[in-house]
Protein chains: 2
Amino acid sequence: MALTEFALIDRYFRSCGATRGDVRLGVGDDAALLAPAAGQELVAATDTLVAGVHYPEPADPASLGHRALAVNLSDLAAMGARPAWALLALTLPQAEPAWLAQFAAGLGELARAHDVALVGGDTTRGPLCVTVTLLGHVPGGSALRRAGAAPGDVLFVSGTPGDAAAGLALEQGRLAAAPEASAYLRERFLRPQPRLALGERLRGYASACIDVSDGLLADAGKLAAASGAGVELDWAALPLSESLRAALGAERAGELALTGGDDYELCFAVHPDRVASLAAELPPQRWGYTRIGTLRAAPGAVVQREGTVMEFSHSGYEHFA
Amino acid sequence: MALTEFALIDRYFRSCGATRGDVRLGVGDDAALLAPAAGQELVAATDTLVAGVHYPEPADPASLGHRALAVNLSDLAAMGARPAWALLALTLPQAEPAWLAQFAAGLGELARAHDVALVGGDTTRGPLCVTVTLLGHVPGGSALRRAGAAPGDVLFVSGTPGDAAAGLALEQGRLAAAPEASAYLRERFLRPQPRLALGERLRGYASACIDVSDGLLADAGKLAAASGAGVELDWAALPLSESLRAALGAERAGELALTGGDDYELCFAVHPDRVASLAAELPPQRWGYTRIGTLRAAPGAVVQREGTVMEFSHSGYEHFA
């Protein structure tokens, strides 16, 4: 079956995402035409997934479609932004209709869930590589940034970090676990749920925010460094899922929560005076976040455990380290 | 030399493009924050270059950086838009400082020439693949589209199509030519100059516009089809560069002008009543465009030569054909 590029784009991606009134011209011309919301800043992020690097091969196409968008949604969540429009650059070895249908279904389901329209893209032949660029809005001057926190601010993380890294190890056959825990952890890797609702609500509370993609310790360290501070995490406070504990035991579960990647959770700082009202407005149990440490004046990112500082040889995934 | 991803981005791309006052937050956070211009529509395009597909290997890094942005600039030119901000997703096998410096120089020089700020991106390890997403502005409701032309409209093309395809053939050793012609044609492939000034000036004149990237005949056909029409090109009117004629002879030069790719010129339609004022306002000799045919009611794209219709077996490059 020979599909021309044009027919391919048309068949699988024209109606893939949400329908939005602010799209003046979507897929099919030289560029998309969009109507930015008045009084808002535009927020833009781009992320690439490469098969064999971020993924075991052969990559599940529905998960690849989901994650290619999810990683960008998570970036916008970390800014406190609301997503609107996505562009998809898809490089693949050949155009297989079944593969494309599953990929588009995975991408489209998540896009519609967050009211994201797919407004443009490019398809190219080559090694499997997916780049999504996501655009959205945030009220002018109110975006969350990595910079802005100060020593003494309390640090929180959403969800249960480490799950996705364990899920990837299970996918790759580097780890074995009981069926229920295995299914849960794999799903956490294959279909991460970016924290957009939390991100939006954190505007006005968080002094700084970052999305946890390279490992909690590394990303908390980046937030602290951008804020001109350091960070001290509390080992005992790390939120670990039951499945992660069951699969790895508490010790290795804690290590993976600190150093695993692909969580797509939010790590954010809150001034101590604002912690009580944050808890009242967004109850942690309902919104799914946990206090894990504090910012300090001394630079660096360390973990306190029973009064001593833990050392980590691996502080998160660096693509070119 | 081990560069972390963060240091790599910082070193080569933080100051790569233009500096713009409407960038609230650029490279280095989870997403960029941008201030869209009031009363304007946002224009967005994304394009990927893959080494070995769009390029002979090893690809010249400065040319790769230039072209990765140029192909997107050309998309915005075809909409009559003015570019503003770019995001770069760069996948490469390893981080070589010399390669990165040249790539960033090629990208940065063209970006600064068109006042484009590099506001974000992602670097990943994998097979060489470059995706640039470009954002810009066009006054609300005034963008040029592929649709909008009608039978009887006159068709024009900028520049001398076919040069870049010959340049690629020279780069790949599939073609030989005298030194001067060879140098000219290679440069046309390696460093295409997108027609942004012409695109902006065509607003109010062109009834439809498309950027010529897959071959003039194929792209003129897309413009016509989007406008619910067909197109008839005039073989004798095709603008051929002296270098292309010298390298290939008039016959093959004309064929390549019709079917070669990578031109990044503009093909546009103008209502017959507007042709005279277009020529007065934008003299063709100065602005470098040529009348090449007309739109007709019958669908399809054909070439007239001395009263007969020419047939083409290959009407442009289709990535998945």
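In case you missed it, the structure is sitting above this.
Per chain, the residues get numbers from 1 upward, laid out in the order the sequence is written. Chains and ligands are labelled by the order in which they are written, letters from A for the one and numbers from 1 for the other. Local features in a predicted model are, by the rule used here, given only for residues with pLDDT of at least 70; side-chain atom pairs are given and counted only at 80 or more, and totals for whole chains, interfaces and linings are based on all residues. Hydrogens and water are ignored here; the side-chain numbers use all heavy atoms of the structure.

Colleague: When you look at the state of the cysteines in this model, what are you seeing that I'm missing?
Modeller: One way to say it: the disulfide is the covalent bond shared by the sulfur atoms of two cysteines. All names here are of chain A. Disulfides are defined in this document as cysteine sulfur pairs within 2.5 Å. Evaluated as defined, the whole model comprises zero disulfides over all chains. With no disulfide of its own, cysteine 267 has cysteine 209 as its nearest cysteine by sulfur position, at a separation of 7.5 Å. Burial classification: accessible surface area is computed with a 1.4 Å probe over protein chains only, and a residue below 20% of its type maximum counts as buried, one above 50% as exposed, and the rest as partly exposed. A relative accessible area of 0% means that cysteine 267 is categorised as buried.

Colleague: What is the right way to look at the interface of chain B and chain A in this model?
Modeller: One frequently used descriptor of interface size is the decrease in accessible area upon assembly of the parts. By the convention used here, residues are in contact when the closest approach between their heavy atoms is within 4.5 Å. Contact with chain B, which involves 63 residues of that partner, is made by 63 residues of chain A. In this assembly, chain B packs against chain A so that about 5200 Å² is buried in total across both faces, 61% of it on carbon and sulfur atoms. When a carboxyl oxygen of Asp or Glu is within 4 Å of a side-chain nitrogen of Lys or Arg, the pair counts as a salt bridge. Taken together, the connections running from chain B to chain A amount to six salt bridges. In this structure, the salt-bridge partner of glutamate 41 of chain A is arginine 24 of chain B, at a minimum N-O distance of 3.8 Å. Any N or O atom pair separated by 3.5 Å or less is treated as a polar contact, with the protein-specific requirement of one donor-capable and one acceptor-capable atom, and with residues adjacent in sequence counted only for side-chain atom pairs. Summed over the shared surface of chain B and chain A, the number is 15 residue pairs in polar contact (both at pLDDT 80 or more). Put simply, DSSP marks the helices as runs of H or I at least four residues long and the strands as runs of E at least two long, and each gets a number from the N terminus on. In terms of residues, the side of chain B that touches chain A owes the most to one element, strand S3 (residues 40–50) of chain B, which gives 10 residues. Looking at the side of chain B that touches chain A residue by residue, the classes come out as 35 nonpolar, 15 polar and 13 charged. For two strands to pair, DSSP has to find at least two bridges joining them. As paired elements, strand S3 (residues 40–50) of chain A and strand S2 (residues 32–34) of chain B share three bridges and run antiparallel to each other. From the neighbouring strand, valine 43 of chain A faces S2 of chain B, where its bridge partner is leucine 33 of chain B. Joining two parts hides part of their accessible area as seen by a 1.4 Å probe, and the buried area is that hidden amount summed over both. The residue classification treats Ala, Val, Leu, Ile, Met, Phe, Trp, Tyr, Cys and Pro as nonpolar and Asp, Glu, Lys and Arg as charged. All others, Gly included, are polar.

Colleague: Is there a simple way to think about the packing of helix H5 (residues 179–190) of chain A against helix H8 (residues 242–259) of chain A in this case?
Modeller: Two quantities define a packed helix pair, namely the angle between the helix axes and the distance between the axes. Residues and elements named next belong to chain A. H8 packs onto H5 with a crossing angle of 115° between their chain directions and a minimal axis gap of 9 Å. The handedness of the crossing between H5 and H8 is left-handed. Only Ser243, Leu244 and Ala247 of H8 make contact with H5, whose side of the interface consists of Ala181, Tyr184 and Leu185. Of the residues in the contact of H5 with H8, the class split is five nonpolar, one polar and no charged. Axis definition: a line fitted to C-alpha atoms, over the contacting stretch in the case of helices. Angles run 0 to 180 degrees between N-to-C directions. In a left-handed crossing the near helix is turned counterclockwise from the far helix by less than a right angle, and in a right-handed crossing that turn is clockwise.

Colleague: Would you mind going over helix H8 (residues 242–259) of chain B with me for this structure?
Modeller: Residue pairs spaced three or four apart in an α-helix point in one direction, given the helix's 3.6 residues per turn. Residues and elements named next belong to chain B. Helix span, as expected, comes to 1.5 Å for every residue beyond the first. Taking 1.5 Å per residue as the helical rise, H8 with its 18 residues ought to reach 26 Å, whereas the 18 Å between its terminal C-alpha atoms falls clearly short. By the largest-angle criterion, glycine 249 marks the main kink of H8, which is about 115°. Taken as a whole, H8 has its buried residues at Ser243, Leu244, Ala247, Leu248, Ala253, Gly254, Ala257, Leu258 and Thr259. Of the surrounding secondary structure, the elements contacted by the buried residues of H8 are helix H4 (163–171), helix H5 (179–190), helix H7 (216–226), strand S9 (230–234) and strand S12 (301–305). Two axes enter the definition of the bend at a residue: one is fitted to the seven residues ending there, the other to the seven starting there, and the bend is the angle between them.

Note that all results are geometric; they support no functional claim without further evidence.
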